[in-house]
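Structural overview for review
Each chain, written out:
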Amino acid sequence: MVKSNTSALGIIFPNSYDALVPELVNVRLMASIPFASRYRIIDFILSGMTHSGIGNISVIVNKNYHSLMDHLGSGREWDLVRKNGGLHIFPPFAEKEAKPYVGRASALANILDFLRDAKEKYIIMSDTNMVVNFDFHAMLQTHIETEADMTLAYCEQPIPRGFMNAKNDGRSFYYTFDLEGDRLKKIYINSKEEGVKNLAMNIFIINRELLVEIVDNALLRGQEFFMRDVLMPQINRLNVKGYKYTGYVGFISDMKSYFDENMKLLDDYNLDALFSGSPVHTKIRGDNPTHYINGSKVQNVMVASGCIIEGDVENSVIFRGVKIAKGATVKNCILMQDTVVESGADIEYLITDKDVKISAGKEMKGTDTFPVYISKGQTV
Amino acid sequence: MAKEMIAMLLAGGQGSRLYTLTEKLAKPAVPFGGKYRIIDFPLSNCVNSGIDTVGILTQYQPLVLNEYIGNGQPWDLDRLYGGVHVLPPYQKSGGSDWYRGTANAIYQNISFIERYDPKYVIILSGDQICKQDYSDFLEFHKAKNAEFSVAVMEVPWEEAPRFGLMVADENDRITEFQEKPKNPKSNLASMGIYIFNWDILKKYLEEDEADPNSENDFGNNIIPNLLRDNRQMYAYHFSGYWKDVGTIHSLWEANMEVLDAESSGINLFDESWKIHSRNVGMTGHKISAGAEVENTMVSDGCRIKGNVKHSILFAGVKVEAGAVVEDAVIMGGTTIKSGAVVKHCIVAENVTICENAVVGAMPSGDEDGVATVGSGLTIGENAVVGPNAIVQNDMKGGEEQW
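Here we summarise the structure given alongside this text. Just so it is clear, the model here is predicted, and its values are computed rather than measured.

Thresholds, definitions, all that
- Residues numbered from 1 in each chain as written.
- Chains lettered and ligands numbered in written order.
- Predicted model: local features only at pLDDT ≥ 70, side-chain atom pairs only at ≥ 80, totals over all residues.
- Heavy atoms only, no water.
- Core = buried A, V, L, I, M, F, W, Y, C linked by side-chain atoms within 4.5 Å.
- Buried < 20%, exposed > 50% of the residue type's maximum accessible area, 1.4 Å probe, protein only.
- Helix = DSSP H or I, 4+ residues; strand = E, 2+ residues; numbered from the N terminus.
- Contact = heavy atoms within 4.5 Å.
- Buried area = accessible area lost by both parts, 1.4 Å probe.
- Salt bridge = Lys/Arg side-chain N within 4 Å of Asp/Glu carboxyl O.
- Polar contact = N/O pair within 3.5 Å; in protein donor to acceptor, adjacent residues only side chain to side chain.
- Nonpolar A, V, L, I, M, F, W, Y, C, P; charged D, E, K, R; others polar.
- Patch = residues over 30% accessible without salt bridge, like charges linked within 9 Å, V, L, I, M, F, W, Y side chains within 5 Å.
- Areas by Shrake-Rupley, 256 points an atom, 1.4 Å probe, with all protein chains shown as cover.

**What about the nonpolar core?**
Grouped together as the largest cluster of nonpolar side chains are 72 residues, with contacts concentrated most on Phe35(A), Phe134(A), Met201(A), Tyr258(A), Leu265(A) and Phe275(A). Considering every element that reaches this core, the biggest residue donor is helix H1 (residues 42-51) of chain A, with 5 residues. Beyond its immediate stretch of four places on either side in the chain, Met201(A) contacts Met130(A), Val132(A), Phe134(A), Ala153(A), Tyr154(A), Cys155(A), Tyr245(A), Val249(A) and Phe251(A). The next biggest cluster of nonpolar side chains, apart from the first, holds 71 residues, and it includes Ile69(B), Val84(B), Phe137(B) and Trp273(B).

**Details of the interface of chain A and chain B**
Of the residues lining the interface, 36 residues belong to chain A; the matching set on chain B comes to 33 residues. Summed over the three residues of chain A that lose the most area to chain B, namely Asn288(A), Pro289(A) and Tyr292(A), the buried surface amounts to 21% of that side. Scanning the region where chain A abuts chain B turns up 5 salt bridges. With a shortest N-O distance of 2.6 Å, Lys286(B) and Asp268(A) are connected by a salt bridge. On inspection of chain A and its partner chain B, the count reaches 19 residue pairs in polar contact (both at pLDDT 80 or more). Among the secondary structure elements, those contributing two or more residues to the side of chain A that touches chain B are helix H10 (268-275), strand E14 (290-292) and strand E15 (297-303) of chain A. By residue number, the principal contributor to the side of chain A that touches chain B is E15(A), which donates 6 residues. Partitioned by chemical class, the residues of the side of chain A that touches chain B number 17 nonpolar, 12 polar and 7 charged.

**As for helix H9 (residues 255-264) of chain A**
All names here are of chain A. The buried fraction of H9 is high, at 7 of 10 residues. Turning to H9, its buried residues number three or more, namely Met255, Ser257, Tyr258, Phe259, Glu261, Asn262 and Met263. Lining the buried residues of H9 we find strand E2 (34-35), strand E13 (249-251), strand E17 (312-318), strand E20 (334-335), strand E23 (350-352) and strand E26 (372-374).

**Details of a nonpolar patch on the surface**
On the surface, Met1(B), Leu80(B) and Tyr81(B) cluster together into a nonpolar patch covering about 460 Å² of accessible area. Turning to its location among the elements, Met1(B) is positioned in the segment before strand E1 (5-10).

**Quick notes on unusual backbone geometry**
Residue and element names in this part refer to chain A. Although it is not a glycine, Tyr17 adopts a positive phi angle of roughly 65°. Secondary-structure assignment places Tyr17 in the loop between strand E1 (8-13) and E2. Accessibility expressed as a relative area gives 8% for Tyr17, which makes it buried. Positive phi outside glycine occurs at Asn332, with the angle close to 50°. Its location among the elements puts Asn332 in the loop between strand E19 (329-331) and E20.

**Thoughts on the side chain of Ser305(A)**
Tracing the backbone shows Ser305(A) in the loop between E15 and strand E16 (308-309). Ser305(A) sits in the buried class, given a relative accessible area of 8%. In contact with Ser305(A), other than residues within four places in its own chain, are Asp287(A), Asn288(A), Pro289(A), Thr290(A), Arg320(A), Gly321(A) and Asp300(B).

Written out as structure tokens, the structure reads:
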């Protein structure tokens, strides 16, 4: 049942910031990058939305979305198989005049009719380049109470290195805010300033009818990027509020941050901060519990189910179905699903994608500032 | 459209020999092997054998079981036509009745079975750990042109008197049935898994119901009646892993055998015969620096800081630094605090074992009791649970139970 005065519709952009992690999105997109031993990054935003009472969620995909379709399925794991609403995936080319989008404004223009016909009063938009247990309900309440036209979430922290170091590709923008009270006064694009900033999380809440009007206008003018082209020029015309988020958040802005954000969860404090809110759901594989065989030595690891571990593992994040043979040594590694480390192999600071095999006796080491990535299905 | 074979799963038993573990749930719902419940095995066997219609007969404490089964989706049994159905006793216009026996439970659900117009019905029991391909069993049944077949296991002769035994000739045709005999003529133990031709089963169920002196039981009534009438009855030899987990000790033993798949034969990592179960959806487990984990199954959500050896940890178990766990089955959500020593025991769900408490002990001499702690209990600081104790109430600090 859609309560047309209070309900919100969720929109997720799973391809945003793909360009920052080119290796990881070779066979997928940002949203379906494996994270924290058993999740995909989209699980965090998606679960946050469903636990905030949003039962109608659209995912606007652009390219490389096969793995995401496979992950989401019908949406059952997130309780999104509904008669009213549920999960919608909008692929490109849904209509003949639609084209693969570049920015949010053009993405929204592609689904303008859908937005026009929706019953929900509010629209909540988010990217999937961060791990966060976000309470969308609290933000929506604030949006309603302050009678804002639009509310943008931000957090106070230094700008992640990956954002700053990225080459200007004309699409991977990040934003920082100046606020006066809770009112957004100025938006900076790709600032290179050091120190703690009001960093945009790219989570928006906006009244649906206003969004339809804005997107319609943007379409007329051929504007691509919602924040840069649409919002920045009229920031003083609209009542735009900032919503400060103070909980745990980790941004994936390059390979190093991907590595670090995983490793941070080996600290119970961070793990609890990320997971103690509402539960995070993911696609179920139905693996057996992990078996530690006699002789295995494990210290400071996070391990999913379905693994068989006989070797030595230290400071690592291990995904589902990984096998580490007797005599193998794994240190400071992220091993994605079904990685096999054969006996006598010795690896350190490695990120192995799905189905990688490290052959017996092989030695391979990256460093803490430059973890080595091995792509899906490779045998070392 | 008629179904070739449907399954009826007897899940109504109390399992009183599991004591506190079945105080609030039926035996088939008892957790097993780190993430499963016993009923996952027959249900997964059904699906893996191509049976898509299963009736589950419940009676004793069905709440946990009902919720667990739900719409049957984890086992792929949420089907438009067929699927899994929980069948409790119900009120009828002619009065109502509890299930009076295994045969009566099926008799009361004749109309359920007839909806699917099956040629064969397989009767399963919900209290065994077994991986079995029922389609092989059905092939045997058809090849023998049987009207009734029973799956049997060869057991050591000295143990035979504890079982219901089938005496069969060289063609596997059953000539005699002995229920727990003093002088066994056979070592073929019935596994309590039967395939019937539906017309035969229906006829004998109706006849049995009309007999006021009957106990309405398959073993005591239906099978002897089939023998009396010289029906086509055959014994199907099964040689895989099979374990009746009807007692605390056998349940503990079966869990320990999971850790030793090579010699016990119960390999839960076998992709070709996967056991499905409902998932809890927790994060990966964590093993901290300083922890020691040896030959153990660990499920999602566990946090291990202490020493764990040769044990099964279900989802969300916490073992604090300085705690010692060995040869133990620790069910979901239980916390073992620092300094506690937990050995050779079964600890049920959501138990808190406080600092320096002692639960169970490794076997010494003839003594190999499995200490058992019921669900939701708190075992106070420095409390001692002896190796034969079955704890059903909270224990205060320093208290002892033997």
